[in-house]
Amino acid sequence: MITRTVSYRGRFAPSPSGPLHFGSLVAATGSFLEARTRHGEWLLRMEDVDAPRCSAAAAGEILRTLDACGFAWDGEVVWQSRRAEAYAAALERLKQAGRVFACACSRKELADSVIAPDGAAIYPGTCRPGLPPGRAARAWRLRVGDARIEFDDAIQGRIASDLGSEAGDFILLRADGLFAYQLAVVVDDADAGITDVVRGADLLASTARQVFLQQCLGLPTPRYAHLPVAVNAAGEKLSKQTRAAAVDIARPGPVLCAALEFLGHKPPSELCGATVAELWTWAVANWRLDRVPRGPALPGGIIRPGIEHLAWPP
């Protein structure tokens, strides 16, 4: 584990399942500026733990886009696909402490379960007392019990979650042998000495689970700030699944200006045609987290040819 030698260490952790789109650029912009204005470090991690959904080509495209937009990260890029040993060690600690249990349930068997706010099925506890006779383990789950997690989000305010009713016993090791996102993120953040997590509010529902897992592993809990996510005209989060357009690296100025405006900061119009370095100089000098709109989502993120501003209500 890295010893914390700076007062602020943030990170940006895209999933390389497609190109960087406007929604991801917003998250990168907010996390980068908060780190730089706090005189801290900004690390880059490729969250490719879900190997079937990720590709080296997409990761390379993301890195090229970040570079073209003027993002400068500290240290080497961390790849989750290379950290299975660290995740296995964390899971073993939880096994030794009796915090996890083997689960034989298939997706089909859980199809009638209550759905959590993030769209996942809330586990009904079928295998919590032990595997049914004749059934083999498919996955490993964390025992949640009656845990209630509360934390203060720097943008969204006080957040409280009853994990048993809102998430249930969640998976740490999947049936396909891959480690789950929640475990990977918690281990990665702790090993990197992350002090502050600035990311999209689409991950707000995951935060209580991650805080609980940090507590189970005896790891520090970072400070959190969840930025509003950009949605399309249908109210859908901009993502690969909703066919969000890739960031145009040939003209990074307009889309960076759009990201800043989305986050409550309005650069002078002439800066959108200036160099990336000039735009970042203005952004670092003027960034304030308390100007970011409070709320989980905002319309925006559609940058059309010839339009160099963000099309969402101020």
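Residues numbered from 1 in each chain as written. Predicted model: local features only at pLDDT ≥ 70, side-chain atom pairs only at ≥ 80, totals over all residues. Heavy atoms only, no water.

(A) Representation of the packing of aromatic side chains in the model. Within the structure shown, the criterion is met by 10 aromatic pairs. Considering the side-chain rings of Tyr87 and Phe179, the 5.8 Å spacing of their centres and the 65° angle between planes classify their relative orientation as edge-to-face. Of this pair, Tyr87 sits in helix H3 (residues 84–96) while Phe179 sits in the loop between strand E8 (171–173) and helix H5 (181–191), placing them 92 residues apart in sequence. According to the relative accessible area criterion, Tyr87 is buried, its value standing at 1%. An aromatic cluster is built from Phe12, Phe32, Trp42, Phe71 and Trp280, whose rings are joined through pairwise contacts. Its guanidinium or amino end placed over the ring of Trp140, Lys95 lies 4.3 Å from that ring's centre, counting from NZ or CZ. When the ring centre of Tyr123 is taken as reference, the NZ or CZ atom of Arg141 above it lies at 3.9 Å. (Phe/Tyr/Trp six-rings, centres within 6.5 Å; stacked < 30°, edge-to-face > 60°. Helix = DSSP H or I, 4+ residues; strand = E, 2+ residues; numbered from the N terminus. Buried < 20%, exposed > 50% of the residue type's maximum accessible area, 1.4 Å probe, protein only. Lys NZ or Arg CZ within 6 Å of the ring centre and 35° of its normal.)

(B) Here's a closer look at helix H8 (residues 276–286). Taken together, the buried positions of H8 are occupied by Val276, Leu279, Trp280, Trp282 and Ala283. All buried residues of H8 project into a common sector of 160° when viewed along the axis, lining one side. Residues of H8 that are exposed and point more than 90 degrees away from the buried face comprise Ala277, Thr281 and Ala285. Against helix H1 (22–37), helix H2 (56–68) and helix H7 (252–262) lie the buried residues of H8. (Arc of directions from axis to C-beta. Contact = heavy atoms within 4.5 Å.)

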